[in-house]
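# Analysis of the macromolecular model
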Amino acid sequence: MKNFILIFIFLITSLTFSQTKVKGIVIDEQNEPVAFANIIFKNSIKGTVSDENGNFYLESSKTYSELDISFLGYETKTITLQKVNYGLQIILKETGASLDEVVIYSGKIKKKGNPAIAILRKMWKKKRKNGIYMYDRYQYDKYEKIEFDLNSIDAAFKKQRVFKGMEFIFDKVDTSKVTGKTYLPFFINESVYKTYGKNTSPKKLRDELIANKNSGFQKNQNVNEFLKQLYTDYNIYDNYIKIFDKSFTSPISRTGPSVYNYVLTDSAFIDDKWCYNILFYPRRKNELTFKGDFWVNDSTFAVKEIQMHATRSANINWVKEIYIEQEFNVLNDSVFLIKRDHIMSEFALRKKEKSRGVYGKRTTMYDNYEFDVEKETAFYTKRNTANYDESIFDKSKEYWEENRMEKLNDDEDSIYKLLDTLKTNRKFKNLYTLTEVLASGYWQFIPGFDYGPVYSTFGNNDIEGTRIRIGGRSYVKPSDKLRVEGFLAYGFKDQKFKYGIAGKWLLNKRNRLILSVGNRNDIEQTGVSLTTSNNVLDRSFASAALFARGDNFNLTKLNLSNISLEIEPIKNLTFQLGTSYRELESADPERFDVNFRNEEGDIQSSIKQVTADFAIKYTPKRKSGGFGVDQQVINEGRYPILYLNYSRGLKNVLDSDFDYHKFQFYYQHRVQVGGLGKLKYVLEVGKTFNDVPLLLMDVVPGNQSPLIARRTFDLLDFYEFITDEYMSMHLEHNFNGRIFSRIPLLRKLNLREVIGARGVFGTISESNRLTNASTTINYLAPEDLYWEYHVGVDNIFKLLRVDFIFRGSHRNLPEATNFAIKGGINFYF
């Protein structure tokens, strides 16, 4: 009886909200699928395009009785729709009729004489004269809704043991109008913004968060920012549309005719404006492209409506479906302004049609446009203090009813109630905790205290043997102003305890004034980084790697104390002033001799050193979440980093041994090279003035682990090269499968090509060489450029990468490693 009632409710809902649904496949007379066929409700502008396998789904809230199916080279077919239109098999017949507008050859369309491309050229000429680009300054209201749904809900799925005791969640199952699959909403996030921008140089865009509401993570700014960055803003008029860190060629791009086929299919009035309909689909498989259609006005040549599906064969991981639709309003009969932007993605482990996944949807509505409202230039760059006001998360129900530009449907509205109910379910709470541990690396052991990082619990090196570490941090909520962290570790080989403790206090959240203090007594591999870190609890990956190439006994016994003050007066520009005290000595003096001659000529093996440090860090375009002492970087790797550090050794302060000056600078960036992939590069330079011993010099970072490590040299051993003046460069380009996609046997594997090179030049002053009294370490600097290069295959089984690394110079050094194969594990789209 209960099942009957649920089915009855589902049918009533379907009749009320969606009168016509059609799902099927388009094939030819040889039973081969017809990819990218045009499917449209007769006498309407509502349609879609079949995918690479001929499958399609089309839905409308209106009732239609006929469906037109067409494709160049085939006769247009009209079918009569029934009450149930699922599982249709539509057969198209080839036609020998000539076409005046376009010529077909091998499924592709010639560019010459194509009226659709003639319209595109007019669009290119006017694309900078449409919308907000026509004005120096602009502002508007924006409402954003992000939703996540579990899809392909069937009887077998509902009976799984994991849902025992939570069966009530399936009461709100609905059907997607894009794919026709059933789905269950489980998360929603709503935001209201006031957006300001200017088109004059330098171009600026400022979003002020006015209100936020979500199910399950209220007042967690980190989650809110992460969700916002999951779907970054894009412009269909740009040559490339960046989604999930991939550059899809826009169908309106100037390079589009080399990537897409275009067909002028129809013309009609939309909102009293005569528009042309242009169908587009990719010329080749496995490229980052779309299929779909758009309506373009006949006088302004601005897009009125567009819908796009990413091709299923596109080389992108974990994403089976990407669907985009945009609508534009007309202002003053000539200016088209975006009114609604909707993007839906289906995340899944496999791209098979029946595989289960998660829908991620973002709907953005725009209203109340104003132009050329005067604002000072500083307004666009100053920190948005409103984002630190927690009242933005506490807006009333009446506020949301008034400020939503698109009303929630019953399923969306029910998500808030669903999450409140689930929070009382023990099984759900356990699943929620497991997800948090996997994502953050911390486990909330007791309220207010998190154990972790859990991935650092076990380690190994030649000095400590097997190492066990227990530690944690104070954690009440993401916006904590005070955070205390600590650990206790024990090595079973050296039978010694190590420890560390540090605290950070956010004194002023508007300019992010932070006081940090800490102490660590530990064993450290200092030969894996050129640029010095002043974070007390930072520990290099090589200090406790479970597996390594060769011996790993060149470790330093370290006692480090630090106090610093950090401030961010301008967004993404940070200044840090601090002082540190270090006690340094070899952890294994017999095999790692760090002896040096002091000013009196005596042999010394340990160092006491006090330094004053000043650092500047600039990260333009970085986006971060949270207004507590810890912030989460959202767009990791997508912004440049410039870092400058100056350290002054203070002799005789607390018995400090050396007086010196050290300058270090590094710059790293990653850029999208259109459809050719992404290029990463890192530049590091540094110099130490005055004489210092080995443990205070700059060691060219080696990598003796079997895994790829960034900003290291994979074929160098630890302490193989030492410098007091250096310059290094790392270059790597990932083609995102651009080459492999053209090789038939490799195309379906979605592999990605990687090439790269890295080099370092450095010297050691003669006076520093004379201080060396080590019997195990030779002072060898790369005075002739050392370089190595690599080629790699990425995205193996969507996770693995294998690099083949070759040494380009210094191949005849004793025990030199001239070739290696290394791997890596990555999780990315």
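Our structure is the block above this text.
Read on for an overview of the structure. For clarity, every value in this text was computed on a predicted model and none was experimentally measured.

## Quick look at empty space enclosed by the protein
- Summed over the entire model, instances satisfying the criterion amount to 7 cavities of 30 Å³ or more.
- What the largest cavity holds in volume is close to 160 Å³.
- Ser247, Glu287, Leu288, Gly675 and Arg738 are the residues nearest the centre of the largest cavity, which is lined by 17 residues in total.
- Of the residues assigned to the lining of the largest cavity, the class counts are 3 nonpolar, 12 polar and 2 charged.

## Considerations on the sheet that holds strand E6 (residues 77-80)
- The strand order across the open sheet built from 4 strands is E3-E2-E5-E6, with neighbouring strands paired in antiparallel fashion. If you trace the sheet from one side to the other, it starts and ends with strand E3 (47-49) and E6, each paired once. Adjacent strand axes in the sheet meet at a mean angle of 20° when their direction is disregarded.
- When strand E2 (residues 38-41) meets strand E5 (residues 66-70), the two strands line up antiparallel, connected through 4 bridges. Across the sheet, residue phenylalanine 41 finds its bridge partner in E5, namely leucine 67.

## Notes on the pattern of salt bridges
- The final tally for this structure, using the stated rule, is 41 salt bridges.
- A salt bridge links lysine 142 to aspartate 207, with the nearest nitrogen and oxygen atoms 3.2 Å apart. One end of the pair, lysine 142, is in strand E10 (residues 137-151); the other, aspartate 207, is in strand E13 (residues 204-214), and 65 residues separate them in sequence.
- Judged by relative accessible area, which is 3%, lysine 142 ranks as buried.

## Considering the side chain of serine 50
- Inspection of the secondary structure assignment puts serine 50 in the loop between E3 and strand E4 (55-60).
- Here valine 34 takes part through its backbone oxygen, which lies 3.0 Å from a polar atom of the side chain of serine 50.
- If we ignore the near neighbours within four places in the chain, the residues touching serine 50 are Val34, Ala35, Phe36, Ala37, Ile39, Asn55, Phe56 and Lys291.

## A closer look at the packing of aromatic side chains
- Taken as a whole, this structure holds 33 aromatic pairs when the rule is applied.
- With a centroid separation of 5.2 Å and an interplanar angle of 85°, the aromatic rings of tyrosine 490 and phenylalanine 492 are classed as edge-to-face.
- Judged by relative accessible area, which is 23%, tyrosine 490 ranks as partly exposed.
- Assessed through its relative accessible area of 48%, phenylalanine 492 is described here as partly exposed.
- Look at phenylalanine 592 and tyrosine 719: their rings are 5.0 Å apart centre to centre, the planes differ by 55°, and that puts the pair in the tilted class. Of this pair, phenylalanine 592 sits in the loop between strand E31 (573-586) and strand E32 (596-597) while tyrosine 719 sits in the loop between strand E40 (698-699) and strand E41 (722-723), placing them 127 residues apart in sequence.
- Judged by relative accessible area, phenylalanine 592 falls into the buried class, the value being 0%.
- Looking at tyrosine 719, the relative accessible area reads 4%, which means it is buried.
- Through pairs of rings, three or more aromatic residues link up here, namely Tyr135, Tyr138, Tyr140, Tyr366, Tyr369 and Phe371.
- Stacked on the ring of tyrosine 442, the Lys or Arg arginine 473 has its end atom at 3.8 Å from the ring centre.
- A cation over a ring is seen here: arginine 711 above tyrosine 666, with NZ or CZ 4.3 Å from the ring centre.

## Focus: the sheet that holds strand E1 (residues 20-28)
- Sheet architecture is open: 3 strands sit in the order E4-E1-E7, paired in mixed fashion. Either end of the sheet is taken by a strand with one partner, and the two such strands are E4 and strand E7 (88-92). Geometrically, the sheet is characterised by an average inter-axis angle of 35° between neighbouring strands, direction not taken into account.
- Pairing of E1 with E4, which is carried by 6 bridges, proceeds in the antiparallel orientation. In the strand pairing of E4, isoleucine 25 is matched with asparagine 55.

## Remarks on unusual backbone geometry
- In this structure, the amide linkage connecting glycine 452 to the following residue, proline 453, adopts the cis form with an omega of -5°.
- Relative to the helices and strands, proline 453 is located in the loop between strand E24 (448-451) and strand E25 (458-461).
- A positive phi angle, near 65°, is found at asparagine 31, a position not held by glycine.
- Here asparagine 31 lies in the loop between E1 and E2.
- With phi around 70°, asparagine 795 is a residue other than glycine that occupies positive phi space.
- As for its placement among the helices and strands, asparagine 795 is situated in strand E44 (residues 786-796).

## Here we look at the side chain of asparagine 768
- Among the secondary structure elements, asparagine 768 is positioned in helix H11 (residues 766-770).
- You can call asparagine 768 buried: its relative accessible area is 0%.
- In terms of polar contacts, asparagine 768 uses its side chain to reach the backbone amide nitrogen of valine 692, at 2.9 Å.
- Apart from the residues lying within four places of it in its own chain, the contact partners of asparagine 768 are Asn690, Asp691, Val692, Met697, Asp724 and Tyr779.

## Quick notes on the nonpolar core
- Of all hydrophobic cores here, the largest spans 50 residues; its most connected members are Phe290 and Ile322.
- Beyond its immediate stretch of four places on either side in the chain, isoleucine 322 contacts Ile243, Phe244, Phe248, Met308, His309, Ala310, Ile316, Ile343, Met344 and Ser345.
- Grouped together as the second largest cluster of nonpolar side chains are 27 residues, Leu555, Val594, Val692 and Phe718 included.

The rules behind each value
Residues numbered from 1 in each chain as written. Predicted model: local features only at pLDDT ≥ 70, side-chain atom pairs only at ≥ 80, totals over all residues. Heavy atoms only, no water. 1 Å grid on protein atoms, 1.4 Å probe; cavity = no way out; pocket = protein on both sides within 12 Å on 5 of 7 lines; lining within 4 Å. Points joined across faces, edges and corners; volume = space filled by probe spheres on them. Nonpolar A, V, L, I, M, F, W, Y, C, P; charged D, E, K, R; others polar. Pairing = 2+ DSSP bridges. Helix = DSSP H or I, 4+ residues; strand = E, 2+ residues; numbered from the N terminus. Axes fitted to C-alpha atoms, helices over the stretch in contact; angles between N-to-C directions. Salt bridge = Lys/Arg side-chain N within 4 Å of Asp/Glu carboxyl O. Buried < 20%, exposed > 50% of the residue type's maximum accessible area, 1.4 Å probe, protein only. Polar contact = N/O pair within 3.5 Å; in protein donor to acceptor, adjacent residues only side chain to side chain. Contact = heavy atoms within 4.5 Å. Phe/Tyr/Trp six-rings, centres within 6.5 Å; stacked < 30°, edge-to-face > 60°. Lys NZ or Arg CZ within 6 Å of the ring centre and 35° of its normal. Core = buried A, V, L, I, M, F, W, Y, C linked by side-chain atoms within 4.5 Å.

From the geometry alone we can't say anything about function, so treat these as descriptive.
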